[in-house]
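# What the coordinates show
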Amino acid sequence: MGMTNNTLNKENTQKKILIATIISFAFFIGYDFLYLQPQQELAKQTQQKEAQALKQQSEQTPLVSQIAGEANSSAANNAPSVHANNANEIISTIKTKTSNIEIDSFGRIAQITLTTHRFQNEQHNAIKLFTPSQLKPLEVRFFDAKVNEEAFKIKAQASSKVLDASSEPVKLTITQTLSTTTLTKDLTIYPDGHYDLDIATSNKQNYFITPGFRPDVLADVYADHGSLLIKNDGTLNIVEDEDLDSNAEFVGIHAASAFDRYYATVLYNFDKNLQVTLMSNKDKSPEAFIHIMNNAKLSGYVGPKDYNALNALDEKLTSVIEYGWFTFIAKPMFSMLQYIYNYVGNWGWTIVILTILVKLILLPLSHKGMVSMNRLKELAPKIKAIQEKYSDDKQKASMHMMELYKSEGANPMGGCLPIILQIPVFFAIYRVLINAIELKGSEWILWINDLSEMDPYYVLPILMGVTMYVQQRITPSQIQDEMQQKIFQWLPVVFTVFFLWFPAGLTLYWFINNLVTVSQQYYVNKIFAKEKIARHEKHLATKHTNEK
Amino acid sequence: MNRIFLSIINFYQKYISIISHGSCRYHPTCSEYAKINFQFNNTFYALYFTLIRILSCNKLFEGGFDYPKVKYKINNVIFKKIKIKFWLIPINNDKYYVIKNWDRNRQNIK
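This one's a predicted model, so the numbers in the text were calculated from it and none came from an experiment.

For the rest of this paragraph, the subject is the overall build of chain B. Regarding its fold elements, chain B presents three helices and five strands. Listing each helix as α and each strand as β along chain B from the N terminus yields α-β-α-α-β-β-β-β. Across the 110 residues that make up chain B, the buried fraction comes to 35%. Here the analysis covers contacts within chain B between residues at least 6 apart in sequence; of these, 59% occur between residues at least 24 apart. Total accessible area on chain B stands at roughly 7,700 Å², and carbon and sulfur atoms take up 59% of it.

Below is the structure:
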């Protein structure tokens, strides 16, 4: 009776395991097809719609700012809620080495177009960073509601219509003359695309300036996007989009940034403590506003979160590149990649070399493991006997196995630490490969021409699956449970499907990782087989002499 | 606090350990060790011992039998038939090794 009960229980747990695997598998596929893809399409559609609506709007009379009717209760409530996105008249265009900057009649950066070849979208058009309807960098809002209302009606004047900053810095002055005050923005724009800003009003005024809403090129669930503040102690405050329920005030801020996966807009001054309000917009996404009294000096950057470019401006500015939870491992990981890249000059090979390096460091550990795993093969019958005897009690079986290992002097288990360590390392690599703009548009060999995108012909994921299968085949297995073994056999297939849509760089990492493991295992197996033959011959020889 | 950790460990044992199955070099396994620690010790000690255990669960260490050591004061001793959950093996003073009684849920035991 007890026996049947146990077998029943076992079948149940096996069923549970199988069902759990299938459900999670189905979930991920379903999520990708039913949620992610439609969402991306929807985003595209709304963007088009917004652009159309905007066109119609600008043909009609200028929008009256909604702020007029609002009570002037607090600065925070006063400042936002104006979306003066009409009247998009461009008053100045600046060409830098890497981009075209357009300034509109509200004295804001209306659009930035990245002109280098690397930054082209799938249709081979130059990438534009901003969505027309969103808050723009350098938009100013006055504390005084009346002044503010006027500021959104009166157009600003630029000192020059066309400027070329592609070889040396240029100066541009934007002036907005209101009835009570005059707002001047003195801009120095540098060839690398960053700018210095001297902002002042002719009389005492409280107002806000914003780095704008985040660039909207690639904002998906794979990486964070939202607002990031660098505090004066170097720590970060990150608010993701659709996560800000109410406005929040911050003091002692050195930089305010808004970012998507690859691009960021940032206003900073590392010598001064700024006061910043994060406003929740209609989607509950954060918009940063820097408080200014009368005048201020700031610097700004809008463009790709390129490590070297940011580092050249200010080392602290590199914090704008963030990798989420695993930043503490991801950052050194990236520095290592960058270091190798400086020698190799190709990101694909850089990943290959890094993977092999990591494997080499772990070689002593893994080698020992493989050898003892092989020794275990010889103990297989004894282990099977134990597992059959205590098939209903895992802990008891493990105890008797441990006794066996002790008497044989071989402990084949890899240990919990390597497995636990692997998890953050994998996530760190994942985040680096997904977040690093350096990999965007960088090719490896043959058909892989963008390591940050999926493999267009699914070659790498399939290679990865194959190596994983081979690895399983040549690794002596100690899983005796049939159902578990079956699940294990299906793992390569599951992984292949997972990796089909992953960035090619990550799949490459996993593939090389498997490849090294397989060759190492092959080598160990061969040596072990040789040793076995040698031992056997020695045994025969001694037997022979004994017989004599 | 300990309850939170215990529920995390239970979740791990139920769902995640399938992937990492059979890799622990110790008996009882790291997760079981942690569980007992969080049941007997205060959070700080339990965390410390668990961390040390996981850190030493790799190829550089022997592995083998390693039972959790706990501090425990035995009071209110009731002399009657009970269900045995743990065996406490005294080391010294109030310190004990804890060995879980794996057969505790079996009815046909004598």
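Having put the structure on the table, let's press on.
So, on to the pattern of salt bridges. Residues and elements named next belong to chain A. For the coordinates displayed, the defined rule picks out eight salt bridges over all chains. Put simply, Arg108 and Asp104 hold a salt bridge, and the shortest N to O gap is 2.9 Å. Asp104 shares its class with Arg108; the two are buried. The salt bridge partner of Arg141 is Glu139, with a shortest N-O separation of 2.9 Å. By the burial criterion, Arg141 is buried, and Glu139 matches it.

Residue and element names in this part refer to chain B. Pairing between strand β4 (residues 86–90) and strand β5 (residues 95–100): five bridges, direction antiparallel. Each residue of the ladder has a partner; that of Pro90, found in β5, is Tyr96. In textbook terms, the turn of a hairpin is the stretch between consecutive antiparallel strands, and for β4 and β5 this stretch comprises four residues, one of which, Asn93, has a positive phi near 45 degrees.

Below, the discussion takes up the sheet that holds strand β3 (residues 69–71) of chain B. Residues and elements named next belong to chain B. The three strands lie next to each other as β3-β5-β4, forming an open sheet whose pairing is antiparallel. Both edges of this open sheet fall to β3 and β4, since each of them pairs with a single strand only. Between one strand axis and the next, the sheet turns through 45 degrees on average, direction left out of account. In the sheet, β3 pairs with β5 via three bridges, with the strands oriented antiparallel. Looking across to β5, one finds that Val70 is bridged to Tyr96.

Residue and element names in this part refer to chain B. Close contact between helix α2 (residues 30–40) and helix α3 (residues 43–55) brings their axes to 9 Å; oriented N to C, the two are set at 165 degrees. By the angle class used here, α2 and α3 are roughly antiparallel. The two elements α2 and α3 cross, and the hand of that crossing is right-handed. Packed against α2, whose contacting residues are Cys30, Tyr33, Ala34, Asn37 and Phe38, the element α3 presents Thr43, Ala46, Leu47, Phe49, Thr50, Arg53 and Ile54 at the interface. Of the residues assigned to the contact of α2 with α3, the class counts are eight nonpolar, three polar and one charged.

What follows is about the nonpolar core. Residues and elements named next belong to chain A. Membership of the largest hydrophobic core comes to 50 residues, with the highest contact counts inside it found for Ile94, Ile103, Leu187, Tyr195, Ile199 and Ile209. Leave out the neighbours within four places in its chain, and Leu187 touches Ile103, Leu138, Val170, Lys171, Leu172, Ile174, Tyr195, Asp196 and Leu197. Ranked by size, the runner-up nonpolar core spans 49 residues in total, among them Tyr301, Leu354, Ile448 and Ile512.

The subject of this paragraph is the layout of surface pockets. All names here are of chain B. By volume, the second largest pocket is sized at about 560 Å³. By residue number, the principal contributor to the lining of the second largest pocket is β4, which donates three residues. Tallied by class, the residues present in the lining of the second largest pocket amount to 10 nonpolar, two polar and four charged.

Okay, empty space enclosed by the protein next. Residues and elements named next belong to chain A. A full pass over the atoms with the stated rule returns five cavities of 30 Å³ or more. The space that makes up the largest cavity amounts to roughly 60 Å³. What lines the largest cavity is Phe106, Arg108, Glu139, Val140, Ala151, Phe152, Gln176, Leu183 and Lys185. Each residue belonging to the lining of the largest cavity can be placed in one class, and the counts come to five nonpolar, one polar and three charged. By volume, the second largest cavity is sized at about 50 Å³.

A few words now on the packing of helix α5 (residues 327–344) of chain A against helix α6 (residues 347–361) of chain A. Residue and element names in this part refer to chain A. Relative to each other, α5 and α6 sit at 120 degrees, their axes nearing to 9 Å. Overall, the two elements α5 and α6 adopt an arrangement that is oblique. Viewed along their axes, α5 and α6 form a crossing whose handedness is right-handed. Where α5 abuts α6, its residues Met333, Met336, Leu337, Gln338, Ile340, Tyr341 and Val344 lie against Trp347, Trp349, Thr350, Ile351, Ile353, Leu354 and Leu357. Residues of the contact of α5 with α6, tallied by class, amount to 12 nonpolar, two polar and no charged.

Thresholds applied
- Residues numbered from 1 in each chain as written.
- Chains lettered and ligands numbered in written order.
- Predicted model: local features only at pLDDT ≥ 70, side-chain atom pairs only at ≥ 80, totals over all residues.
- Heavy atoms only, no water.
- Helix = DSSP H or I, 4+ residues; strand = E, 2+ residues; numbered from the N terminus.
- Buried < 20%, exposed > 50% of the residue type's maximum accessible area, 1.4 Å probe, protein only.
- Contact = heavy atoms within 4.5 Å.
- Areas by Shrake-Rupley, 256 points an atom, 1.4 Å probe, with all protein chains shown as cover.
- Salt bridge = Lys/Arg side-chain N within 4 Å of Asp/Glu carboxyl O.
- Pairing = 2+ DSSP bridges.
- Axes fitted to C-alpha atoms, helices over the stretch in contact; angles between N-to-C directions.
- Parallel < 35°, antiparallel > 145°, perpendicular 65-115°, else oblique.
- Left-handed = near helix turned anticlockwise from the far one by under 90°.
- Nonpolar A, V, L, I, M, F, W, Y, C, P; charged D, E, K, R; others polar.
- Core = buried A, V, L, I, M, F, W, Y, C linked by side-chain atoms within 4.5 Å.
- 1 Å grid on protein atoms, 1.4 Å probe; cavity = no way out; pocket = protein on both sides within 12 Å on 5 of 7 lines; lining within 4 Å.
- Points joined across faces, edges and corners; volume = space filled by probe spheres on them.

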